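For reference, the chains in residue letters:
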Amino acid sequence: MNTISPPASQEAATPIVIVGHVDHGKSTLIGRLLYDTDSLPDGRVAQIIESSTKRGLAVEWSFLLDSLQIERDQGVTVDSTRIPFRLGHRQFVIVDAPGHRQFLRNMITGAADAEAAVLVIDAAEGAQEQTRRHAMLLRLIGIRHVIVLMNKVDLLDYDEAKITASEKSVAALLKQLEIEPTLFVPASAREGDNIASRSERMAWYKGPTLTEALALVPSPSSRADLPLRLPVQDVYRFDTQRVVVGRIERGSIHIGDSVVIGRHGTVARVATIESWHTAPQTTAIAGQSVAITLEPDVIPDRGDLLFPPDEAPLSSARVRARLFWLRQEPLRVGESFRLRLATAEHQVTVASIDSVVRLEDLTEHPADIVPPEGFAEITLAVSETMQFDPFVPGTADGRGVLVDRNQQIVGGVPLIGVADIAAGTRAIHPTGSTVSTWDRAQAKGHRGDVFWMTGLPGAGKSTIARAAEMQLFSRGVDVSVLDGDTLRAGLCSDLGFSEADRRENVRRAAAVARILADSGQVVLVALISPTLADRECARQIVGDGFHEVFIDTPRETCETRDPKGLYAAARAGKITGFTGIDAPYEAPDKPALRLVTEKRDPSESARDLVTFITQTTALTQPTSGNA
């Protein structure tokens, strides 16, 4: 994140996030705003002029925000930039959040603490897809003070009727999201109209300029008057004394206060508020990081919440949440993540998808999945009872994120309340391992993945899988084989061969494979799984570690081999619905590996499979946990 050094004043700044479609002029607006208010560092204007001239452009104010060369080359802003900015005696922090699709997750972190938002819209183009997403994010994050800047009105020749019509369409969109804009400001950031000075070309507009509108934004409300919430960051030991450290998210704490320690429920008294090289402290308020000692000398855990005995947070193992889904694959019920909430982490599973927002008309509908970059309301089942405060705009309450097994943030989840269990519903609370995927991989020397071997009956799936298993085992690889007949003899013995039973057979196999892979094993699944839909279901259950291997053998060759006599039985009418005879097989279009087995010994195919598995599961350093 790029930060221009703040002024020396220590007054509380008002965060303002600026959002909008990638081409609607956010960066140009900020550059012009800083220029018009004499807020630029010395020499920066000359630098902008030089950069613009080199590219054959007029003065390009957006270059102020281009902290990376890639931004100039691609014409996009890559990360959110925080800029201290002053209007008169008041200090602001402007957050420029990216507008293009692949950097939307940066907007969540960039806008999370904003007091107000400026939504930049090209008056000539009107609201675009990203405008809808950003408006949804403002609702999700809970920003209630929204200024809509109708930018590029010079392209409409400053015509009042055209600008007003564009404003009305945007207002109708925001009304669907229950967002009531504080103000619409018609402006041209490039030309400076209605940014810091009133436009002479829009005499019909009587409202405030953008800077005047920003000056009217309420200052951040004090969180010190709310009930205490102190998430424990860590506990340190000095000689015989234990010191509990953390940041006060809201409320205040005083020596002598009684506090409850998280889910333990133990009540303790604040004995001291520690200070080093400063005057002794007897109190601390929201926003301060503190080190305290407790009596009796109890030991909280990281993530425990300290709160007053008579003002407890909610407590539940099932939680309702809003969701902005960041992953490029759909979210399905049953997927598990880590929920990060302040300093706490909880293992959670998606118990239900309650509704999904259709971006085209911003209405909510039932759905089985949440699409990439989709908005939804979901229910999370937590592996243990957790404490939380429901999401409230302007506070840190209930602001969570979902993290996958690779430590990547995949969703923003403001928690909105306790999820009731409907009558007749089974309450399931899966528990997650505290051993990370990377730690397992390091211990075993390889990653755990699933290699889904599909092909016609008699193609050689099980033979190749067992040969590969032996080779891998001899190399020290932790490997298992899930063979179709073996599964049907045990786990799936209750299933027949109807379409529904075949689908359930695949689902069970995929679920077991996922569990084994999560434990660090290389899993070879040898299963006909004849339809593309069934294998896609398996892919979604397994996740990123799914690799489709097509055992490509012509039906004639399979029937000639007929090791179990099944083709002959099907031809004789003794078996119906047999794949390859009277039931279809849908070959993969783009498998991760294709093994053509005709005229080849199974050991050769097994060697090729082992080579592919060894390369695929080789260890690479995990990526950063922050997206």
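Here the structure is shown first, and the text comes after it.
Counting of residues starts from 1 at the beginning of each chain's written sequence and follows it residue by residue. It should be noted that, the model being predicted, local features are given only for residues of pLDDT at least 70 and side-chain atom pairs only at 80 or more, the latter also being counted only at that level, while totals for whole chains, interfaces and linings use all residues. In computing side-chain properties, one takes all heavy atoms of the structure into account and sets aside hydrogens as well as water.

Side note on the overall build of the protein chain
And then number 1: Helix numbering and strand numbering both begin at the N terminus, where a helix is a DSSP run of H or I of at least 4 residues and a strand a DSSP run of E of at least 2. Helix and strand counts for the protein chain stand at 15 helices and 29 strands.
And then number 2: Only protein chains enter the calculation, and the probe is 1.4 Å; a residue is then buried if its accessible area is under 20% of its type maximum, exposed if over 50%, and partly exposed in between. In the protein chain, which comprises 627 residues, the proportion classed as buried is 49%.
And then number 3: Intrachain contacts of the protein chain at a sequence separation of at least 6 include 71% that bridge at least 24 residues.
And then number 4: What sets the accessible areas is the Shrake-Rupley method with a 1.4 Å probe; for residues, cover comes only from the shown protein chains. Carbon and sulfur atoms make up 51% of the accessible area of the protein chain, which amounts to about 28800 Å² in all. In this analysis, two residues are considered to be in contact whenever any of their non-hydrogen atoms come within 4.5 Å of each other.

Let's talk about the side chain of Asp193
And then number 1: With respect to the helices and strands, the residue Asp193 is situated in the loop between strand E7 (183-186) and helix H7 (210-215).
And then number 2: Judged by its relative accessible area of 4%, Asp193 falls in the buried class.
And then number 3: Counted as a polar contact is a pair of N or O atoms within 3.5 Å, where, for protein atoms, one must be capable of donating a hydrogen and the other of accepting one, and residues adjacent in sequence contribute only when both atoms are in side chains. For Asp193, the side chain forms a polar contact with the side chain of Ser199, separated by 2.8 Å.
And then number 4: Residues within four places of Asp193 in sequence aside, it is in contact with Tyr158, Pro186, Ala187, Ser188, Ser199, Arg201 and Met202.

Concerning the nonpolar core
And then number 1: Counting 57 residues, the largest nonpolar core has Leu29, Val118, Leu138, Ile147, Val148, Leu149 and Leu214 as the members making the most contacts within it.
And then number 2: Every residue in contact with Ile147, bar those within four places of it in the chain, is listed here: Ala117, Val118, Leu119, Leu183, Val185, Leu210, Ala213, Leu214 and Val217.
And then number 3: Within the second largest apolar cluster, 29 residues are counted, among which are Met453, Ala459, Phe550 and Leu593. Put simply, a nonpolar core is a bunch of buried Ala, Val, Leu, Ile, Met, Phe, Trp, Tyr and Cys residues held in one set by side-chain atoms that sit within 4.5 Å of each other.

Brief notes about the sheet that holds strand E25 (residues 450-454)
And then number 1: Strand order across the open sheet formed by 5 strands is E26-E27-E25-E28-E29, with parallel pairing between neighbours. Looking at strand neighbours, the two that pair on one side only are strand E26 (479-483) and strand E29 (593-596), the edges of this open sheet. Between one strand axis and the next, the sheet turns through 20° on average, direction left out of account. Only when DSSP finds a minimum of two bridges between them are two strands counted as paired. Note on method: axes are straight lines fitted to C-alpha atoms, helices fitted across the in-contact stretch only, with angles between N-to-C directions ranging 0 to 180 degrees.

Some remarks on the pattern of salt bridges
It is possible for side chains bearing opposite charge to pair when their charged atoms get close.
And then number 1: Each reported salt bridge corresponds to a side-chain nitrogen of Lys or Arg within 4 Å of a carboxyl oxygen of Asp or Glu. In total, this model carries 31 salt bridges according to the counting rule given.
And then number 2: Measuring nitrogen to oxygen at the nearest pair gives 3.0 Å for the salt bridge that ties Glu335 to Arg327.
And then number 3: Taking the relative accessible area as the measure of exposure, Glu335 reaches 11% and is therefore buried.
And then number 4: With a shortest N-O distance of 3.0 Å, Arg447 and Asp449 are connected by a salt bridge.
And then number 5: Taking the relative accessible area as the measure of exposure, Asp449 reaches 1% and is therefore buried.
And then number 6: Through salt bridges with shared partners, a single network forms among Arg229, Arg250, Asp389 and Asp397.

Here's the deal with unusual backbone geometry
And then number 1: A cis geometry characterises the amide bond from Glu295 onward to Pro296, with omega recorded as -5°.
And then number 2: Its location among the elements puts Pro296 in the loop between strand E14 (289-295) and strand E15 (305-307).
And then number 3: Positive phi, normally seen in glycine, also occurs at Tyr158, with a value near 60°.
And then number 4: By secondary structure assignment, the location of Tyr158 is in the loop between strand E6 (145-151) and helix H6 (160-176).

Some remarks on helix H5 (residues 129-141)
And then number 1: For a helix, the expected span equals 1.5 Å multiplied by the number of residues minus one. An ideal rise of 1.5 Å per residue puts 18 Å on 13 residues; H5 measures up with 18 Å between its terminal C-alpha atoms.
And then number 2: With respect to burial, H5 is a largely interior element, 10 of its 13 residues being buried.
And then number 3: Within H5, burial applies to Gln130, Thr131, Arg133, His134, Ala135, Met136, Leu137, Leu138, Leu140 and Ile141.
And then number 4: In the stretch just after H5, Gly142 is the one whose phi turns positive, near 95°.

Description of a nonpolar patch on the surface
And then number 1: A surface patch of nonpolar side chains, amounting to about 350 Å² of accessible area, comprises Tyr236, Phe238 and Trp276.
And then number 2: Within the secondary structure layout, Trp276 lies in the loop between strand E12 (266-273) and strand E13 (283-285). Distance thresholds for patches are 9 Å for like charges and 5 Å for nonpolar side chains (Val, Leu, Ile, Met, Phe, Trp, Tyr), applied to residues having over 30% relative accessible area and no salt bridge.

Digging into the side chain of Thr553
And then number 1: Looking at where Thr553 falls in the secondary structure, it is placed in the loop between strand E28 (546-552) and helix H13 (555-561).
And then number 2: For Thr553, a relative accessible area of 5% puts it in the buried group.
And then number 3: A polar contact is formed between the side chain of Thr553 and the backbone oxygen of Ala459, at a distance of 3.2 Å.
And then number 4: A polar contact is formed between the side chain of Thr553 and the side chain of Thr597, at a distance of 2.4 Å.
And then number 5: Apart from residues no more than four positions distant in its own chain, Thr553 is found in contact with Leu456, Ala459, Cys558, Arg561 and Thr597.

Overview of the packing of helix H11 (residues 499-518) against helix H12 (residues 532-542)
And then number 1: For the pair H11 and H12, the least separation of the axes is 9 Å and the interaxial angle reads 25°. Relative to H12, the element H11 lies roughly parallel. Handedness of the H11/H12 crossing: right-handed. Of the residues in H12, those touching H11 at Arg503, Val506, Arg507, Ala510, Ala511 and Arg514 are Asp534, Ala538, Ile541 and Val542.
And then number 2: By residue class, the composition of the contact of H11 with H12 is 6 nonpolar, no polar and 4 charged. For this classification, under 35 degrees means roughly parallel, over 145 means roughly antiparallel, 65 to 115 means roughly perpendicular, and everything else is oblique. Crossings are assigned a handedness: left-handed for a near helix turned anticlockwise from the far helix by less than a right angle, right-handed for a clockwise turn. For this classification, the nonpolar set comprises Ala, Val, Leu, Ile, Met, Phe, Trp, Tyr, Cys and Pro, the charged set comprises Asp, Glu, Lys and Arg, and every other residue, Gly included, is treated as polar.

Concerning H12
And then number 1: Of all the residues in H12, the buried ones are Asp534, Arg535, Ala538, Gln540 and Val542.
And then number 2: Each element contacted by the buried residues of H12 is listed here: strand E17 (331-332), E25, H11 and E28.

Details of the pairing of strand E18 (residues 336-341)
And then number 1: Bridge count for E18 against strand E19 (residues 344-358) is 6 bridges, and the pairing is antiparallel. Looking across to E19, one finds that Arg338 is bridged to Gln347.
And then number 2: Two successive antiparallel strands, E18 and E19, enclose a turn made up of 2 residues, where Ala342 displays a positive phi of approximately 55°.
And then number 3: Where E18 and strand E23 (residues 399-403) come together, 4 bridges link them in antiparallel fashion. Paired with Leu341 across the bridge in E23 is Gly400.

As for the sheet that holds E15
And then number 1: An order of E8-E9-E14-E12-E11-E15 is seen for the 6 strands of this closed barrel, with the pairing classed as antiparallel. For this sheet, the mean inter-axis angle between neighbouring strands, taken without regard to orientation, is 50°.
And then number 2: Pairing between strand E11 (residues 258-261) and E12: 4 bridges, direction antiparallel. From the neighbouring strand, Val260 faces E12, where its bridge partner is Val267.

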